[in-house]
Amino acid sequence: MQQGGFKRKSKAAMDIPTSSLADMAFLLLIFFMVSTTFPSERPRRMTYPSAEATEKLDAPRKDVLHLYLERDGRVFINDASVMMEEVNNVVGPLYAENRALIVQIRADEDVAYSYVDAIQKELQQANAVRVTFYTNLERRITRERR
Amino acid sequence: MSMMRRRKKVSDEIPTASMADIAFLLLIFFLTTTVFDEEKGLSIVLPEAAETIEVSQKNILHLVIQENGVIRVKRGESPQEQMVQASEIASIWRLDVAQNENLIAAVKTAPNAPYRLMIDVLDALQSAGANKISLQILE
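In what follows, the accompanying structure is described. None of the values given here were measured: they were computed from a predicted structure.

### Quick look at the overall build of chain A
Piece 1. Within chain A, the regular secondary structure consists of 3 helices and 8 strands.
Piece 2. Shown N-terminal to C-terminal, the secondary structure of chain A runs as helices and strands in the order α-β-β-β-β-β-α-β-α-β-β.
Piece 3. Across the 146 residues of chain A, 41% fall into the buried class.
Piece 4. Expressed as a percentage of contacts within chain A between residues at least 6 apart in sequence, the contacts between residues at least 24 apart total 76%.
Piece 5. Summing over all exposed atoms, chain A offers an accessible surface of approximately 10,300 Å²; the carbon and sulfur share of this is 53%.

### Focus: the interface of chain A and chain B
Piece 1. The interface is formed by 50 residues belonging to chain A together with 41 residues belonging to chain B.
Piece 2. Interface of chain A and chain B: buried area, both sides summed, is about 3,900 Å²; carbon and sulfur atoms make up 62% of it.
Piece 3. When the buried surface of chain A facing chain B is broken down by residue, Tyr113, Gln124 and Phe133 of chain A rank first, second and third, together holding 18% of it.
Piece 4. A salt bridge links Asp110 of chain A to Arg116 of chain B, with the shortest nitrogen-to-oxygen separation between them at 3.0 Å.
Piece 5. In this assembly, chain A and chain B are joined by 19 residue pairs in polar contact (both at pLDDT 80 or more).
Piece 6. Contributing elements (two or more residues each) for the side of chain A that touches chain B: helix H1 (21-35), strand S1 (50-51), strand S2 (55-56), strand S3 (64-69), strand S6 (102-107), helix H3 (113-125), strand S7 (130-133) and strand S8 (136-137) of chain A.

### Some thoughts on the sheet that holds strand S4 (residues 75-77) of chain A
Piece 1. Sheet architecture is open: 7 strands sit in the order S2(A)-S1(B)-S7(A)-S6(A)-S3(A)-S4(A)-S5(A), paired in mixed fashion. Each of the sheet's edge strands pairs with one partner strand only, and the pair in question is S2 and strand S5 (80-82) of chain A.
Piece 2. Relative to strand S1 (residues 40-45) of chain B, S7 of chain A runs antiparallel, the two sharing 4 bridges. If you follow Val131 of chain A over to S1 of chain B, its bridge partner there is Ile44 of chain B.
Piece 3. This element, H3 of chain A, spans S3, S4, S6 and S7 of chain A of the sheet and lies at about 145° to S3 of chain A.

### Concerning the packing of aromatic side chains
All names here are of chain A.
Piece 1. Applying the stated rule across the entire model yields 4 aromatic pairs over all chains.
Piece 2. The interplanar angle of 70° and the centroid separation of 5.5 Å between the aromatic rings of Phe31 and Phe32 together place this pair among those described as edge-to-face.
Piece 3. Judged by its relative accessible area of 51%, Phe31 is exposed.

### A word on a nonpolar patch on the surface
Piece 1. On the surface, a nonpolar cluster with roughly 370 Å² of combined accessible area is contributed by Phe26, Ile30 and Val34 of chain A together with Met19 of chain B.
Piece 2. Among the elements that line the nonpolar patch, the one with the most residues is H1 of chain A, at 3 residues.
Piece 3. Tracing the sequence through the fold places Met19 of chain B in helix H2 (residues 19-33).
Piece 4. Met19 of chain B gets classed as partly exposed once you look at its relative accessible area, which sits at 38%.

### Overview of the nonpolar core
Piece 1. In terms of nonpolar packing, the biggest core is built from 57 residues, with Val91, Leu123 and Phe133 of chain A together with Leu63, Met118, Leu125 and Leu135 of chain B touching the most fellow members.
Piece 2. For this core, the element with the most residues is helix H4 (residues 115-127) of chain B, which contributes 8 residues.
Piece 3. Once residues lying within four places of it in the same chain are set aside, the contact partners of Leu125 of chain B are Leu63, Ile89, Trp93, Ala105, Val107, Ala130 and Ile133 of chain B.
Piece 4. Met46, Tyr68, Phe76 and Tyr134 of chain A belong to the second-largest nonpolar core, a separate cluster that totals 5 residues.

### A closer look at the pattern of salt bridges
Piece 1. Per the stated rule, a full pass over the model turns up 10 salt bridges over all chains.
Piece 2. Between Arg71 of chain A and Asp110 of chain A there is a salt bridge; the shortest N-O distance is 3.6 Å. Of this pair, Arg71 of chain A sits in the loop between S3 and S4 while Asp110 of chain A sits in the loop between S6 and H3, placing them 39 residues apart in sequence.
Piece 3. Here Asp72 of chain A makes a salt bridge to Arg74 of chain A, at a shortest N to O gap of 3.3 Å.
Piece 4. Residues participating in the shared-partner salt-bridge network are Arg71, Asp108 and Asp110 of chain A together with Arg116 of chain B.

### Section: unusual backbone geometry
Piece 1. At Asn78 of chain A, a position not held by glycine, the phi torsion is positive, near 50°.
Piece 2. With respect to the element layout, Asn78 of chain A can be found in the loop between S4 and S5.

### Section: the side chain of His66 of chain A
Piece 1. Topologically, His66 of chain A is positioned in strand S3.
Piece 2. A polar side-chain atom of His66 of chain A sits 3.4 Å from a polar atom in the side chain of Arg106 of chain A.
Piece 3. Leaving out residues up to four positions away in the same chain, His66 of chain A has contacts with Glu41, Phe76, Ile77, Asn78, Gln104 and Arg106 of chain A together with Asp37 and Glu39 of chain B.

Parameters at a glance
Residues numbered from 1 in each chain as written. Chains lettered and ligands numbered in written order. Predicted model: local features only at pLDDT ≥ 70, side-chain atom pairs only at ≥ 80, totals over all residues. Heavy atoms only, no water. Helix = DSSP H or I, 4+ residues; strand = E, 2+ residues; numbered from the N terminus. Buried < 20%, exposed > 50% of the residue type's maximum accessible area, 1.4 Å probe, protein only. Contact = heavy atoms within 4.5 Å. Areas by Shrake-Rupley, 256 points an atom, 1.4 Å probe, with all protein chains shown as cover. Buried area = accessible area lost by both parts, 1.4 Å probe. Salt bridge = Lys/Arg side-chain N within 4 Å of Asp/Glu carboxyl O. Polar contact = N/O pair within 3.5 Å; in protein donor to acceptor, adjacent residues only side chain to side chain. Pairing = 2+ DSSP bridges. Axes fitted to C-alpha atoms, helices over the stretch in contact; angles between N-to-C directions. Phe/Tyr/Trp six-rings, centres within 6.5 Å; stacked < 30°, edge-to-face > 60°. Patch = residues over 30% accessible without salt bridge, like charges linked within 9 Å, V, L, I, M, F, W, Y side chains within 5 Å. Core = buried A, V, L, I, M, F, W, Y, C linked by side-chain atoms within 4.5 Å.

Structural data, given as structure tokens:
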């Protein structure tokens, strides 16, 4: 007696076709491979100071020049070691090409301030006066109560 | 004769079932190894080399950062000095700028003081909303 239930097993497959899974995976992979940019400088190991007022720079990547200042006072620009007195001569032409240049000073947190001051004077001579001190964002979890 | 009748039952294609697995593995590898280098920090505009602007003493708040981390605070005209820690700078600034909106912070750092002391003070000033800051070295 037929109750209304299906008597015949459906012959069509009930699985969602997974044949396009590989296509999707490759599409995503190709997207990441094409959009990944590798930084042109080698990463350096330095301890950067932390600051609460750290803000993201709005400038496009090409307008930012990384200036590394290691603890012993050595300066590196674009992976080349630069003498302190030459910083002016290195940054000057770069600023002349790109007036919107921002120099990001990435200095180790324990470097003596005299080096930082010397860098500032060199940059002033080169007229590259828009400067950012690279810092990590410090989040104070507990606020001091006075 | 028997060879021609029997069809090959075993497929001769390379199984591509694991292609998706390999694709996902590569994807996950790139996702986990990508690092984004953020451009961030404390921004300031240095004065140009030839610029010296005359400012009256009453508009200057002197902050002298010594090697030991203690900061000497001297208000423009009065000779008295206060010894404070970097954490108190923000509130000192807020109080003083409320009385004089043309206040300029003159931060003088000792040559052998570690750079992070200057950053702490600059951080405190910028957190408190100061935008007239002068960075100098202590002669």
